[in-house]
Amino acid sequence: MMIEVVIIATTIAAFALSSILTGLTFFLLGYLRLGVLIGFFPRHILVGCIGGVGVFLILTGLTVSTRLSSDALDPPTLETLRYFILNAHALAQWVPPLVLAVLLRFITMRWKHQLVFPIYFMIIPVVFYVVVAAAGLDLDFGLIQFTPLWTTLPIQFALLFFNILHPPLNVPALSVSLDVDIDTNKELVGHGYSNLLAGVLGTVPNYLVYVNTLLFYRVGGGTRIASFLLAVATFILLMIGTGPIAYIPVMVVSALIFVLGIDLVKEALWDTRNRVSRMEYITIVSIMVTMTAWDFVIGVLFGIVVSCFFFVIQNSQRRSIRACYAGESATSTVRRPAAHRAYIREVSQQTRVLRLQGFLFFGTIARVEETLRNIVEDAAWQRNPVRFVVVDLSLVVGVDMSAAEAFVRVQRLLAAKGVVLVFCGVTADSHCGKALSSVGILQEPSVEVFETLNGAMEWTENAYLRAWFRAQKSWTTPITLPGRRDTSLSFDESLTGSPRQMQLRDVGERTIAGAEFLDKDSENSSEPYNTLLNAFSSYHDVDQNTFKQIAPYFERFTFSDGFVLWENNDTPDGLYVIESGILRASYKFAEHSPVIEESMVSGTLAGELSALSGMPRNARVIVEQQAVLWKLSLANMRRMEAEHPHLAQIFVQLVLKAAKVDTDILLAALATR
């Protein structure tokens, strides 16, 4: 007797310890809001688990109907299946419950009321006992005995793992089946409280049972009153014992199990046939087969492995290359003189822009590497040799080591051809930047890095301009260039000897050399005449005397670095023509949009549209490098209109033409971002 008491006390203590460990784990998972981790489980894995549970219930219905042991179909064997199909007694045991389950499915398709389900299963026992009484049959009810399974501490932790595995899967699966939003963290905290209470009372751990909860909700048990009534009924059953359960016909239990199993299998296989991709459907079926043949946990792990495999395949088929085009289609937002613009437009054919997207890993980098190699292949190289390859990573979320190593291989190939690899949309401390730095590619001498595509294109355009002016033995570029001012990149000074250099020479002679840039030491040179001629001569065939007549209306101003010329929404006071220096305009079109910057160099206009229209300024303009500006105030503009109307009309036309070209350049640059 004493030994029995010790055994009972030890068993209760083991149950209590297991419940407390489970409760603490659930509570911490919910309190720390780690339930969100289940969001990393793809939906089709949860659907596969639902289908696996459905198959398990159908097999359980077979074993319950035929009174076989619970592991008789674990796994199903040919001999067992032959017994179910060929044995007449077995057929008589499991076919009626299955027919009742299928019949209920047809009934619920016609009538959707929530009472159909419970009334149906209340009628079956009545009919069953009527048939038994009429036939005078004898019933043999067995007693159910439960034996303790967990007696050692290692097994306690094994039980803990098993317990915490189910709710994070069952709760989202229930959410899918009921089509409602369920807070996983809140459910885990609730599980923690219930298990801690169970531990204090010395009973076994508990967690949400997917099948029972789904059945409860489908018969209208989604209210607090229904939950309270269920608790009262369970308490009454606890008080009176399990004796009344023995009078429930096995046929009812089997039919109920079959109903749930068929519903879940239908939900997993039939309802998803046109809603998921082929690979996802294969994953669902494979999880169901694995769970049936082996185990629930193994099925889930197998599904995760299969999903990872399919994930790699699917993402490898996605396009990592968003666009690939020549540099002439992706100019910077710098306002330049027309001659410089024409020169850059042609020589930018030596620039290739490759815009990437997504996550670059071993499955997607192969196409990127192939595209970059094709740029310097012999056939393509002969048709159109390149000087810069710009790789835009602004839409790339990450780069794995395989992709970074691929860039190293490509960079070596490009460097051998004298091509500079330019990365943009990345910083040294970003995820992509750290991945590229880890393989040492950003430290290579023929690799440049910029935060934006505009910065990269601005740098390449400046490099082309510097190459031309140096070839003309003009070591100091006639105009100040914006952007980064490093001079580590050098072209051959003579621009002869290779197709790339000869193209720069030929284009420069047609554009920059042919433009009218007056020397400041010329006898005909005076300001602002020279600046006006440089700014407008390419837009209209105007007599140079026209510019001399316009010049007296302008006033000269000098501004130092950092001076704010005007703020956004300021009232315009006139327009400016830049003689020297650099201005930078910052546009902010909306709160959620990024700031767009535009540089303006000598020979260009600033503030022309707002001055002509009389509307507020649409940008903030500062002096980036000390600038000399010629201002046409609104008062002088009105005076010119009164004194020389025809001259004012010609000038307005010139300004509008220049403004249209500058606006088109800005819009084209923004369209490629």
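As the structure is a computational prediction, the values presented were derived from the model and not from experiment.

1. Quick word on the overall build of the protein chain
- A count of helical and extended segments in the protein chain gives 24 helices and 11 strands.
- A buried classification covers 45% of the 673 residues belonging to the protein chain.
- Taking all contacts inside the protein chain whose residues are at least 6 apart in sequence as the whole, residues at least 24 apart take part in 78%.
- Of the roughly 35300 Å² of accessible surface on the protein chain, a fraction of 63% belongs to carbon and sulfur atoms.

2. As for a nonpolar patch on the surface
- Together, Ile225, Phe228, Leu229, Val232, Phe235, Ile236, Leu237 and Ile240 make up an exposed nonpolar region whose accessible area comes to about 800 Å².
- With respect to the element layout, isoleucine 240 can be found in helix α9 (residues 224-240).

3. So, unusual backbone geometry
- The omega torsion across glutamate 527 and proline 528 is 10°, close enough to zero to call that bond cis.
- With respect to the helices and strands, proline 528 occurs in the loop between α19 (499-510) and α20 (529-536).
- Within the chain, asparagine 569 stands out as a residue other than glycine whose phi angle is a positive 75°.
- Along the chain, the position of asparagine 569 falls in the loop between β7 (564-566) and β8 (574-587).
- Taking the relative accessible area as the measure of exposure, asparagine 569 reaches 57% and is therefore exposed.

4. Points about the sheet that holds strand β3 (residues 388-399)
- The strand order across the open sheet formed by five strands is β1-β2-β3-β4-β5, and the pairing between neighbours is mixed. Every other strand in the sheet has two partners, leaving β1 (321-326) and β5 (447-450) as the edge strands with one partner each. Geometrically, the sheet is characterised by an average inter-axis angle of 20° between neighbouring strands, direction not taken into account.
- Examined bridge by bridge, strand β2 (residues 351-360) and β3 share nine bridges and lie parallel to one another. The partner of leucine 360 across the bridge, within β3, is valine 399.
- Contacts between helix α14 (residues 365-375) and the sheet are confined to β1, β2 and β3, with β2 contributing the most and set at about 175° to the helix.

5. Overview of the packing of aromatic side chains
- Summed over the entire model, instances satisfying the criterion amount to 12 aromatic pairs.
- Taking NZ or CZ as reference, lysine 548 lies 5.5 Å from the ring centre of tyrosine 529, over its face.
- In this arrangement the basic side chain of arginine 617 is found over the ring face of tryptophan 566, its NZ or CZ atom lying 3.9 Å from the centre.

6. Comments concerning the pattern of salt bridges
- Summed over the entire model, instances satisfying the criterion amount to 19 salt bridges.
- A salt bridge links arginine 409 to glutamate 369; its shortest N-O distance comes to 3.0 Å. On the criterion of sequence distance, the pair formed by arginine 409 in helix α16 (residues 401-416) and glutamate 369 in helix α14 is long-range, its members being 40 residues apart.
- A salt bridge links arginine 639 to glutamate 643, with the shortest nitrogen-to-oxygen separation between them at 3.6 Å. On the criterion of helical spacing, the pair formed by arginine 639 and glutamate 643 is a turn pair, its members being four residues apart in helix α23 (residues 634-643).
- What you see here is one network of salt bridges that share partners, running through Arg335, Arg341, Glu598, Glu608 and Asp662.

7. Here we look at the environment of alanine 90
- As for its placement among the helices and strands, alanine 90 is situated in helix α4 (residues 88-110).
- Residue classification places alanine 90 among the buried residues on the basis of a relative accessible area of 0%.
- Other than its neighbours up to four places away in sequence, alanine 90 contacts Thr66, Tyr83 and Phe84.

8. Here we look at the nonpolar core
- Grouped together as the largest cluster of nonpolar side chains are 34 residues, with contacts concentrated most on Leu356, Phe407, Phe423 and Ile441.
- Looking at this core, the elements that each hand over two or more residues are β2, α14, β3, α16, β4 (420-424) and α17 (431-438).
- If one sorts the elements of this core by residue count, α16 sits on top with seven residues.
- In this structure, phenylalanine 423 is in contact with Val391, Leu393, Phe407, Leu436, Ile441, Leu442, Val447, Glu448, Val449 and Phe450, ignoring residues within four places of it in sequence.

9. Quick word on the packing of helix α18 (residues 453-471) against α19
- Following both chains from N to C, one finds α18 and α19 inclined at 80°, their axes separated by 10 Å at the closest point. Of the possible angle classes, the one that applies to α18 and α19 is roughly perpendicular. Taking contact as the criterion, the partners of Tyr464, Ala467 and Trp468 in α18 are, on α19, Leu504, Arg505, Gly508 and Glu509.
- Grouping the constituent residues of the contact of α18 with α19 by class yields four nonpolar, one polar and two charged.

10. Some remarks on the pairing of strand β11 (residues 620-633)
- Of all the 14 residues making up β11, 10 are buried; the element is thus mostly covered by neighbouring parts of the structure.
- Here β7 runs beside β11; their pairing, made up of two bridges, is antiparallel. Bridge pairing links valine 564 to isoleucine 622 in β11.

11. Structural notes on the confidence of the model for the protein chain
- Put simply, the protein chain has an average pLDDT of 76, and 74% of its residues get 70 or more.
- The element-level mean pLDDT for the protein chain is lowest in helix α6 (residues 153-178), coming to 62, with strand β6 (residues 555-559) highest at 94.
- Low confidence marks residues 137-152, where pLDDT is under 50. Its contacts with residues over four positions away, or in another chain, come to 13 contacts.
- This model gives residues 516-523 a pLDDT under 50, and the stretch forms 17 contacts once residues within four places in sequence are excluded.

12. Some thoughts on the environment of glutamate 641
- Position of glutamate 641 among the secondary structure elements: in helix α23.
- Taking the C-alpha atoms as reference points, glutamate 641 and phenylalanine 651, separated by 10 residues in sequence, lie 10.0 Å from one another.

13. Some remarks on α14
- Among all positions in α14, only Ile365, Val368, Glu369, Thr371, Leu372 and Ile375 are buried. For α14, the arc enclosing every buried residue in end-on projection is 160°, short of the 170-degree limit, so these residues lie on one face.

14. What about the packing of helix α13 (residues 338-347) against α19?
- The contact between α13 and α19 brings their axes to 9 Å, and the two run at 150°. If you check the angle between α13 and α19, you find them roughly antiparallel. As α13 packs across α19, the resulting crossing turns out to be right-handed. On α19, the residues that touch Tyr343, Glu346 and Val347 of α13 are Gln503, Leu504, Val507, Gly508 and Arg510.
- Taken together, the residues that form the contact of α13 with α19 break down as four nonpolar, two polar and two charged.

Definitions and cut-offs
Residues numbered from 1 in each chain as written. Predicted model: local features only at pLDDT ≥ 70, side-chain atom pairs only at ≥ 80, totals over all residues. Heavy atoms only, no water. Helix = DSSP H or I, 4+ residues; strand = E, 2+ residues; numbered from the N terminus. Buried < 20%, exposed > 50% of the residue type's maximum accessible area, 1.4 Å probe, protein only. Contact = heavy atoms within 4.5 Å. Areas by Shrake-Rupley, 256 points an atom, 1.4 Å probe, with all protein chains shown as cover. Patch = residues over 30% accessible without salt bridge, like charges linked within 9 Å, V, L, I, M, F, W, Y side chains within 5 Å. Salt bridge = Lys/Arg side-chain N within 4 Å of Asp/Glu carboxyl O. Pairing = 2+ DSSP bridges. Axes fitted to C-alpha atoms, helices over the stretch in contact; angles between N-to-C directions. Phe/Tyr/Trp six-rings, centres within 6.5 Å; stacked < 30°, edge-to-face > 60°. Lys NZ or Arg CZ within 6 Å of the ring centre and 35° of its normal. Core = buried A, V, L, I, M, F, W, Y, C linked by side-chain atoms within 4.5 Å. Parallel < 35°, antiparallel > 145°, perpendicular 65-115°, else oblique. Nonpolar A, V, L, I, M, F, W, Y, C, P; charged D, E, K, R; others polar. pLDDT = per-residue confidence, 0-100. Arc of directions from axis to C-beta. Left-handed = near helix turned anticlockwise from the far one by under 90°.

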